[in-house]
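Given next are the chains, with one letter for each unit.
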Amino acid sequence: MIGITSGYFFLLLLGGGIIYYALPKKQWIISLVLSLLYYFFASTPWTFLCLLGASTIAFFSTKYIARSYNETHSKKDKGILFLALFLVIGLWLGFAGRDFWITPANAICTMFGREMPFQGSLWAVPMGMGYYTAQVMGYILDCYMGVAKPHNNFFKLLLFVCFFPQLTTGPISRSHQLESLYQPHQLSYDNITHGIQRLMWGLGKKMILADRAGIIVNTIWGNLSAYNGYYHWVALLLYPVQMYCDFSGCMDIVIGAARIFGIKLPENFKNPFFSRNIQEFWQRWHITLGNWAKDYVMYPLLKTPLMIRLSSRCKHKFGKRMGRFIPTALGSLMVWLSMGIWHGGIKHIVGVSIYYWFFLTLGDLLKPAFSKLTDFLKIDTKVFSWHLFQSLRTYLIYGFGAVFFRAGSIKEAVGFIGSLFTMFFNGEYNPWIWVDGSLNHLGLDYKDMTVMICAVLIVLIAESMNERMNKPLITWVAQQNLVFRWGLYILGFFALITFGLYGPDYNAAAFIYGGF
């Protein structure tokens, strides 16, 4: 397995980069070969067929739609569109979405005394399947709507689907965002240095912070009965840090690797933990997936005659505000259901779809009441303390939902959340763990704990500067004087070498969001 933090990945990046710039007229072909090699060796060989299958469906369906498209689409065009989407989704359901049919199928067989025919271990998920499936579906729909032109060359389309830095973990790109894949790129000092800086920052977030936080979280979750009481609160509060630094660190590596080749990928995060509410949070977290769901699920749904009629009736019966709110809430529910399904399990529909949709809808519904309440209490909403309260509240709301990501089942997640409050009444109340050194026995010693806390502070300061300057910190560093700039680069490199987690037990491929 070749993960994007493994030495093999960086050898591929180095060797591929040298050949890439040595043959500028063949760069897109070199990118395709590197991508296919990476996917072939990083995944199981037979899952390679799923990638080719999705790309083939997209190629022939869009070619047909484009050939027959005038001002309006015929019924046959629509039939081809639905067939193509059905086949692509069917591929995804067969592997990545197997929980939706394997569990019911096995339950039915057990009910009738039959042996379970489907074992999860036999149905390995093709790496990155959720990402390239969404990208292929977006491409097909864009071609159908006339937003994008279909590729005439199958291999160029295949490169769009499987460009190797983004293949396994996103971001989910649109056709127009990757047009530069087919253009020649000159060797650029800015691209190389910016790419390497972004790579190092992502590796630091992953290997110095996220992996250490993961040791504590996994220790607690590995024995919830022994580590009870406030240990559960430690896991609750630390897991969002692990998820963010793991996933955003992965994105930094991916975006940095693509930048070395002169390709600018869309950003997937924008300082989400500085959000004032959960709606803003999801505009800053996994941005490309949220945009995909809105553009291809919510907006087309709201434009249907049924939703237009519903909006008109609600407006007539309940007033202008509810005429907007009810259809939007239903459209938002479809968005969140699609995002929950994309994550590939029934527990994600509860923990992602229903949970977050409920808080988003409730916040929108009660927004006028909250505004009146803050005015009545004469709360100054422009001061730092109020912004801090809003960010902490948003962090907690996200943290409770993230429990469903970490738990093995809905039952375990609900039990864990319940234990956070029942500990005050059932004898598990143990506040002394905060001061008696118990936290140093969760897989990290005092030195590693100190490194993790310092890393949290560094990431927090960096994200705060990003937020205040409204631009990446790397851009600010690049504008500094030579000595200061390279001093930071060298310091960061040695920090990564010194404090990054390595060794025989380290799994370089184990990104949390790599499983989708």
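Computed from a predicted model, the values in this text were never measured in an experiment. (Residues numbered from 1 in each chain as written. Predicted model: local features only at pLDDT ≥ 70, side-chain atom pairs only at ≥ 80, totals over all residues. Heavy atoms only, no water.)

## Some points on the overall build of the protein chain
Point 1. Scanning the protein chain for helices and strands turns up 20 helices and zero strands.
Point 2. Computed over C-alpha atoms, the radius of gyration of the protein chain comes to 24 Å, within 12% of the 24 Å expected from 2.2 N^0.38 for 516 residues, which places it in the range of a compact globule.
Point 3. In the protein chain, which comprises 516 residues, the proportion classed as buried is 49%.
Point 4. Measuring between centres, the 42 positive side-chain charges of the protein chain sit 11 Å from its 24 negative side-chain charges. (Helix = DSSP H or I, 4+ residues; strand = E, 2+ residues; numbered from the N terminus. Rg over C-alpha atoms; globule rule 2.2 N^0.38 Å. Buried < 20%, exposed > 50% of the residue type's maximum accessible area, 1.4 Å probe, protein only. Lys, Arg positive; Asp, Glu negative; His and termini not counted. Charge placed at Lys NZ, Arg CZ, Asp CG, Glu CD.)

## With respect to the packing of helix H1 (residues 7–22) against helix H9 (residues 230–260)
The packing of two helices is summarised by the inter-axis angle and the distance between the axes.
Point 1. Following both chains from N to C, one finds H1 and H9 inclined at 25 degrees, their axes separated by 10 Å at the closest point. The orientation of H1 relative to H9 falls into the category roughly parallel. The hand of the H1/H9 crossing is right-handed. Contacts from Phe9, Leu13 and Tyr21 of H1 reach H9 at Ile253, Ala257 and Ile260.
Point 2. Classifying every residue of the contact of H1 with H9 gives six nonpolar, no polar and no charged. (Axes fitted to C-alpha atoms, helices over the stretch in contact; angles between N-to-C directions. Parallel < 35°, antiparallel > 145°, perpendicular 65-115°, else oblique. Left-handed = near helix turned anticlockwise from the far one by under 90°. Contact = heavy atoms within 4.5 Å. Nonpolar A, V, L, I, M, F, W, Y, C, P; charged D, E, K, R; others polar.)

## Thoughts on helix H6 (residues 129–145)
Point 1. With 17 residues, H6 extends 24 Å between its outermost C-alpha atoms, agreeing within 8% with the 24 Å of an ideal straight helix rising 1.5 Å per residue.
Point 2. Trailing H6 by a residue or two, Gly146 shows a phi angle of about 80 degrees, which is positive. (Expected span 1.5 Å × (residues − 1).)

## Here we look at the environment of Val403
Point 1. Position of Val403 relative to the elements: it lies in helix H16 (residues 384–406).
Point 2. Judged by its relative accessible area of 4%, Val403 falls in the buried class.
Point 3. Separated by 14 residues in the primary sequence, Val403 and Ile417 place their C-alpha atoms 7.7 Å from one another.
Point 4. Excluding residues within four positions of it along the chain, Val403 makes contact with Trp221, Leu236, Ala413, Phe416 and Ile417.

## Things to note about the pattern of salt bridges
Point 1. Inspection of the entire model under this criterion finds 10 salt bridges.
Point 2. Residues Asp246 and Lys206 are paired through a salt bridge, measuring 2.8 Å at the closest nitrogen-oxygen approach. Taken together, the residues Asp246 in helix H9 and Lys206 in helix H8 (residues 189–222) connect sequence positions 40 residues apart. Here the two residues Asp246 and Lys206 agree in accessibility, since each one is buried.
Point 3. Glu467 serves as the salt-bridge partner of Arg284, at 2.8 Å between the closest nitrogen and oxygen. Of this pair, Arg284 sits in helix H10 (residues 278–284) while Glu467 sits in helix H18 (residues 446–469), and the two are 183 residues apart along the sequence.
Point 4. A single salt-bridge network, built from bridges that share partners, covers Arg198, Lys205, Asp252 and Glu267. (Salt bridge = Lys/Arg side-chain N within 4 Å of Asp/Glu carboxyl O.)

## Brief notes about the packing of aromatic side chains
Point 1. Taken as a whole, this structure holds 49 aromatic pairs when the rule is applied.
Point 2. Centre to centre, the rings of Phe9 and Tyr38 are 5.7 Å apart; their planes meet at 70 degrees, and the pair counts as edge-to-face. Of the two residues, Phe9 is situated in helix H1 and Tyr38 in helix H2 (residues 27–42); the sequence distance between them amounts to 29 residues. Tyr38 matches Phe9 in its accessibility class, with the two residues each being buried.
Point 3. Between Trp233 and Phe421, the ring centres sit 6.0 Å apart and the planes meet at 85 degrees, which makes this aromatic pair edge-to-face. You can see Trp233 sitting in helix H9 and its partner Phe421 sitting in helix H17 (residues 410–422), a full 188 residues away along the chain.
Point 4. The exposure class assigned to Trp233 is buried, which follows from its relative accessible area of 17%.
Point 5. The side chain of Lys156 reaches across the aromatic face of Trp28, ending 5.4 Å from its centre. (Phe/Tyr/Trp six-rings, centres within 6.5 Å; stacked < 30°, edge-to-face > 60°. Lys NZ or Arg CZ within 6 Å of the ring centre and 35° of its normal.)

## Examining the confidence of the model for the protein chain
Point 1. Summary statistics for the protein chain give a mean pLDDT of 86 and a share of 91% for residues scoring 70 or more.
Point 2. Averaged pLDDT values over the elements of the protein chain bottom out at 71 in helix H5 (residues 99–111) and peak at 94 in H9. (pLDDT = per-residue confidence, 0-100.)

## Considering the nonpolar core
Point 1. In this structure, Tyr132, Ile216, Ile263, Trp285 and Tyr398 are the most contacted members of the largest nonpolar core, which totals 131 residues.
Point 2. Considering each element in turn, this core owes the most residues, 21 residues, to H9.
Point 3. Look past the residues within four positions of Tyr398 in its chain and what remains in contact with it is Pro240, Met243, Phe273, Ile278, Phe281, Trp282, Trp285 and Tyr356. (Core = buried A, V, L, I, M, F, W, Y, C linked by side-chain atoms within 4.5 Å.)

## Here we look at H1
Point 1. The end-to-end C-alpha separation of H1 is 23 Å, in line with the 22 Å expected for 16 residues at 1.5 Å each.
Point 2. Those residues of H1 not exposed but buried are Phe9, Leu12, Leu13, Gly16, Gly17, Tyr20 and Tyr21. For H1, the angular spread of buried residues about the axis comes to 130 degrees, placing them on one side. For H1, the exposed residues set more than 90 degrees away from the buried face come down to Tyr8, Leu11, Leu14, Ile18 and Ala22.
Point 3. Where H1 is buried, its residues meet H2, H8 and H9. (Arc of directions from axis to C-beta.)

## Some remarks on unusual backbone geometry
Point 1. A cis amide bond links Gly170 to the next residue, Pro171, at an omega of 5 degrees.
Point 2. For Pro171, the position within the fold is in the loop between helix H7 (154–162) and H8.

## Observations regarding a nonpolar patch on the surface
Point 1. Among the surface-exposed residues, Tyr189, Leu482, Val483, Trp486, Ile490, Phe493, Phe494 and Ile497 lie close enough to one another that they form a single nonpolar patch of about 870 Å² accessible area.
Point 2. Within the fold, Val483 resides in helix H20 (residues 482–499).
Point 3. For Val483, a relative accessible area of 72% corresponds to the exposed category. (Patch = residues over 30% accessible without salt bridge, like charges linked within 9 Å, V, L, I, M, F, W, Y side chains within 5 Å. Areas by Shrake-Rupley, 256 points an atom, 1.4 Å probe, with all protein chains shown as cover.)

## Topic: the side chain of Asp142
Point 1. Tracing the chain through its elements places Asp142 in helix H6.
Point 2. Despite its burial, Asp142 pairs with no opposite charge, the nearest such side chain being Arg174 at 5.0 Å.
Point 3. Within the structure, Asp142 has its side chain in polar contact with the side chain of Tyr296 (distance 2.8 Å).
Point 4. Ignoring any residue separated from it by four or fewer positions in sequence, one finds Asp142 in contact with Val147, Ala148, Arg174 and Tyr296. (Polar contact = N/O pair within 3.5 Å; in protein donor to acceptor, adjacent residues only side chain to side chain.)

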